[in-house]
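# Descriptive structure summary
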Amino acid sequence: MDRLGNEDNKEIKETMSTYDFKEVLKRFPREKNKNVTLAVLTSGGDSQGMNAAVRAVVRVSIQLGVTVYFVKEGYHGLIEGYITKANWYDVSFTLNLGGTIIGTKRCKPFMTKEGRMKATKNMISFGISNLVVIGGDGSLTGANLFREEWPCHINELLKNKEIDEETSKKFDHLNLVGIVGSIDNDFSGTDMTIGADTALHRILEAIDSIVSTAFSHQRTFIMEVMGRNCGYLAVKSALMCEADYLFIREWPQKLDWTDKLCKNVQAARNRGKRLNIIIVSEGAVDINGSAITSEMVKTVLVTTLNQDARITVLGHVQRGGSPSAFDRILASRMGAHAVFCLLEDTAETEPKVVCLNANTIVHQSLMDCVKSTLEIGKAIQQKDFDKALKLRGQSFIQNLVTYKQMIRQENMNSEGKITLILNIGGSSNGINALMYSIVRATLALNKRVLAAKFSIDGLIKGEVIELHWSSVIGWLNQGGVKLGITRTIPDEEMMEKVAMQIKHFNISACIIAGGTEALKTGILMYDYRKKYKELCIPLIVIPVTYSNNVPGTDFSLGADTALNQIVKLCDIIRQSAEGHTPRVFVVEVLGGLCGYLTSMTAMACGADASYIPEEKFDITDLMDCIYRMVEKFDTKLITRGLVLRSEKASENYTTSFIKKLLTEEGQKSFVTRTSILGSIATGGVPSPFDRSFALKEGQLAVEWINNIQNKDPENFTSPSSAVSLGLQRSDFKFTPLDDLRFINDKKYSNNQHWWLNFRPLLKVLEEPNYWKQFM
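None of these values were measured; they are calculated from a predicted model.

So, on to the overall build of the chain. On a plain count of helices and strands, the chain comes out with 25 helices and 22 strands. Here the chain has a C-alpha radius of gyration of 28 Å; the compact-globule value for 775 residues is 28 Å, and the two agree. With the C-alpha coordinates aligned to their principal axes, the bounding extent of the chain is approximately 90 × 70 × 50 Å. Evaluated residue by residue, the chain yields a buried proportion of 61% over its 775 residues. Residue pairs in contact within the chain that sit at least 24 positions apart in sequence constitute 79% of those at least 6 positions apart. When the 91 positive and 87 negative side-chain charges of the chain are each reduced to one mean point, those points stand 2 Å apart.

Right, here's the structure in full:
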């Protein structure tokens, strides 16, 4: 289970293929929903993003005419009757909050039949027979038991004359939908659980902060992360911070682990590392099932290697802080689909759990997923770690395999074929992590890596360096571009010089990383093969751009980092208005002719409006935004507004124009401010997703080159020997550059991107009376 893919490839019915709200209203007419009442609760351990799910449940319900209630303090609130009606503005400004605004609490009384009977009576008193439960496998298992017993509770209440016959018939069954909130990402059936991505952010932020002091003093830090029964956080964080050793339950250490630990750590120091990071999952064990603790690891390093070792136990820091952009968006999508699922349910419908499968929100049988999850726990209890690892899934196994490959020692006598790296385009985070991955994977095959400083310009000048194992130490968490980058696309004269240099340096393969300029350069090099035989080598382009506008892939390396940076900045901008008279901020977001960053930021921040190049808008839309702002501020409950505009959304409706219009028309209700984010949004360190994405793509690119060289060492003229690597849904695909040459067409646009399907959901969540447009 991973953001980068679901290995099972199951045929699962989609809840909704798009968010076309006109179609949604046809399926779930408001007049039919006026007597429908549902409640939402959060239970068990909290996780970042729960508030986004609650917000989506509330607002989608209101748009569809459904009455919605909060259950405060989880199942405890069901028993004690802490149930309150929710309105639109109750969930305003909750997207950026960690934890859960409606509370969660362990509830032993709910584990008894008497407690569940009381909960049933309380729900009926509010007219509730539809329930959304957000929590882990324990909370969802309890919810399913509650649903199964519901008819018995109704009969008992009728028998005791606590309800009448009419009420018993009206509430004869309970409809239930679960949403998984867990930082451990340990629930079967979904690629990601709400909170796991943010937990990785917290872990890497802590490690990145510690690295500087560890480097200064040549220390070793032992980082203990959560995951008693699941090593997901440990494996992913170890991959992304260049950890020298990893301890998890699913990979129990042999009894000689102390010797291997010391060997790895010492080898890393011998290769030039001034610091070492050791990741220990709180559930780590050896092959006998005996616990391996952080203290044990420290003792080994101090006594055997005389190292200055320190322990950091992150604990509940991993649960805290503001949710990542991904968790906010994932939770919003899941919350919306939970409501759709409930409106489809009948007495015969089995309870569902909302899942992420290949970037699509789907539903599955709740108990099937719970049983699969519990099966892993049983295997671990029985010390059948091989079975547990297998049940975790192929993506978990692949992450572990990749980590093992990344820490392999360098072959100091690499004499094999030479791969050239070119970085072409604008600066985008994650590119250094990509270089790290390419270098390590190539050297592991006993081959060499050369890189041109400042891309095509540097190659022509002969400014080419060789990269070794030690050359890329510390690159995983570095922003910017260590090798330098330019936007130069070679013309005919330059291409001749490029061919000469490829011959001079005896290059046998080429990897080009960058945005649209990289893709166009790759296509040119493929076309010039007819003229220069030196260009008849395996050629692969890896999209790297924060704009996420390169065809052939759903995600470009660097886009996730930029999105998280923009979301943080928008949170700060909104926070600056706290305590002031009502203010509306018009924020300009970069992204060229692609509205990906603007749209995703709007979803993650709860913007009141967003304008992008792919979606035409006019003065009527702008005035409608103003009317909604005035209506919102008239409630006296809200004092802040956020309008996002993509930098090239319109030639005439500029950021300045929108600001002046809002200032003039809204001056009696609010003041208007602008902020142009610019390149600050591309700074910072790579996000966990971009680090993981870079590692995976680098490894796949090197494997592709090796396979094609071994398969047909002489003929590199076919279209299949020049490709672009992209992530499409959950699969990495190699698309021939010849199939992507339409990017050079002036009429080419990005209006077919998958994320455009989210635009209607954006409006559902940001415009209180959006439904009226379709009546």
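Let us look at the pairing of strand 19 (residues 640–646). Among the seven residues that make up strand 19, seven are buried, leaving the element largely enclosed by the rest of the structure. Burial of the side chains of strand 19 extends over both faces: Arg 640, Leu 642, Leu 644 and Ser 646 are buried on one face and Gly 641, Val 643 and Arg 645 on the other. Sheet analysis places strand 17 (residues 583–589) next to strand 19, joined by seven bridges and oriented parallel. Residue pairing in the sheet places Val 584 in a bridge with Gly 641 of strand 19. In the sheet, strand 18 (residues 609–611) pairs with strand 19 via three bridges, with the strands oriented parallel. Counted as the bridge partner of Ala 609 is Val 643 from strand 19. Considered for its hand, the β-α-β crossover made up of strand 18, helix 22 (residues 619–634) and strand 19 is right-handed.

Residues of helix 14 (residues 385–392) that are buried include every one of Phe 385, Ala 388, Leu 389 and Arg 392, and no others. Seen end-on, helix 14 carries its buried residues on one side only, within an arc spanning 100 degrees. What points out from helix 14, more than 90 degrees from its buried face, is the exposed set Asp 386 and Lys 390. Against helix 13 (366–381) and helix 15 (394–406) lie the buried residues of helix 14. Following helix 14 by one or two positions, Gly 393 adopts a phi angle in the positive range, close to 110 degrees.

For the structure on display, the rule yields 23 aromatic pairs. Where Tyr 75 meets Phe 110, the ring centres are 4.0 Å apart and the plane angle is 10 degrees; that geometry is what we call stacked. Taken as a pair, Tyr 75 in helix 4 (residues 74–80) and Phe 110 in the loop between strand 3 (83–85) and helix 5 (113–125) lie far apart in primary sequence, 35 residues in all. In this pair, the class of Tyr 75 matches that of Phe 110, namely buried. Plain terms: the ring middles of Phe 146 and Trp 150 are 5.6 Å apart, the flat faces sit at 75 degrees to each other, and that makes the pair edge-to-face. Pair noted here: Phe 146 and Trp 150 are both in helix 6 (residues 137–159), with a separation of four residues, about one helical turn. The class for Trp 150 is buried, based on a relative accessible area of 0%. Chaining the aromatic ring pairs together yields one cluster made of Phe 555, Tyr 596, Phe 689, Phe 693, Phe 732, Trp 754, Trp 755 and Phe 758. Between Arg 30 and the ring centre of Trp 771, over which it is positioned, the NZ or CZ distance is 3.6 Å. The ring of Phe 93 carries Arg 640 above its face, with NZ or CZ at 4.2 Å from the centroid.

In spatial order, the strands read 18-19-17-20; together these four strands make up an open sheet with parallel pairing. A single partner strand is all that each edge strand has here, and the edge strands are strand 18 and strand 20 (671–676). Neighbouring strand axes in the sheet, compared pairwise and without regard to direction, differ in orientation by 20 degrees on average. Sheet analysis places strand 17 next to strand 20, joined by six bridges and oriented parallel. The residue bridging Phe 585 from the neighbouring strand is Arg 673, located in strand 20. Where helix 21 (residues 596–605) meets the sheet, its contacts fall on strand 17, strand 18 and strand 19, and the angle it forms with strand 19 comes to roughly 165 degrees.

In this section: the packing of helix 16 (residues 431–444) against helix 24 (residues 688–711). Here helix 16 crosses helix 24 at 35 degrees, and the two axes come no closer than 8 Å. Crossing handedness for the pair helix 16 and helix 24: right-handed. Of helix 24, the residues touching helix 16 (which contributes Ala 433, Leu 434, Tyr 436, Ser 437, Ile 438, Ala 441 and Thr 442) are Arg 691, Ala 694, Leu 695, Glu 697, Gly 698, Gln 699 and Val 702. Of the residues in the contact of helix 16 with helix 24, the class split is eight nonpolar, four polar and two charged.

This paragraph deals with the pairing of strand 17. Of all seven residues making up strand 17, seven are buried, and the element is well covered by its neighbours. The two faces of strand 17 match: Arg 583, Phe 585, Val 587 and Val 589 on one face and Val 584, Val 586 and Glu 588 on the other face are all buried.

Right, let's get into the UniProt feature "domain: Phosphofructokinase" (unreviewed entry) in the chain. UniProt annotation of "domain: Phosphofructokinase" (unreviewed entry) refers to residues 38–341 and 420–705 when read in the numbering used here. Across residues 38–341, the secondary structure splits into 45% helix and 15% strand, with the terminal C-alpha atoms separated by 12 Å. What you have in residues 420–705 is 41% helix and 16% strand, and the ends, taken at the C-alpha atoms, are 11 Å apart.

With that settled, consider the sheet that holds strand 11 (residues 360–365). The strand order 3-2-1-4-5-10-11 describes an open sheet built from seven strands, whose pairing is mixed. Whereas interior strands pair on both sides, the edge strands pair on one side only; in this sheet they are strand 3 and strand 11. Between one strand axis and the next, the sheet turns through 30 degrees on average, direction left out of account.

Along an α-helix, residues three or four positions apart point the same way, because every turn accommodates 3.6 residues. Helix length check: helix 18 (residues 492–504), at 13 residues, gives a terminal C-alpha distance of 19 Å against a target of 18 Å (1.5 Å per residue), a fit within 8%. Those residues of helix 18 not exposed but buried are Met 494, Met 495, Val 498, Ala 499, Gln 501 and Ile 502. Along the long axis of helix 18, the arc covered by the buried residues comes to 165 degrees, so they all point the same way. With respect to the buried face of helix 18, the exposed residues turned more than 90 degrees away are Glu 493, Met 500, Lys 503 and His 504. Of the surrounding secondary structure, the elements contacted by the buried residues of helix 18 are helix 17 (455–461) and helix 19 (516–527). Here helix 18 starts with a cap whose side-chain oxygen sits 3.3 Å from the backbone nitrogen of Glu 493, and that cap is Asp 491. Once helix 18 finishes, Asn 506 follows within two positions and takes phi at roughly 55 degrees, a positive value.

Rules used in this analysis
Residues numbered from 1 in each chain as written. Predicted model: local features only at pLDDT ≥ 70, side-chain atom pairs only at ≥ 80, totals over all residues. Heavy atoms only, no water. Helix = DSSP H or I, 4+ residues; strand = E, 2+ residues; numbered from the N terminus. Rg over C-alpha atoms; globule rule 2.2 N^0.38 Å. Buried < 20%, exposed > 50% of the residue type's maximum accessible area, 1.4 Å probe, protein only. Contact = heavy atoms within 4.5 Å. Lys, Arg positive; Asp, Glu negative; His and termini not counted. Charge placed at Lys NZ, Arg CZ, Asp CG, Glu CD. Pairing = 2+ DSSP bridges. Right-handed = clockwise from strand over helix to strand, strands pointing away. Arc of directions from axis to C-beta. Phe/Tyr/Trp six-rings, centres within 6.5 Å; stacked < 30°, edge-to-face > 60°. Lys NZ or Arg CZ within 6 Å of the ring centre and 35° of its normal. Axes fitted to C-alpha atoms, helices over the stretch in contact; angles between N-to-C directions. Left-handed = near helix turned anticlockwise from the far one by under 90°. Nonpolar A, V, L, I, M, F, W, Y, C, P; charged D, E, K, R; others polar. UniProt positions renumbered as here; feature names shortened; annotations may be inferred. Expected span 1.5 Å × (residues − 1). Polar contact = N/O pair within 3.5 Å; in protein donor to acceptor, adjacent residues only side chain to side chain.

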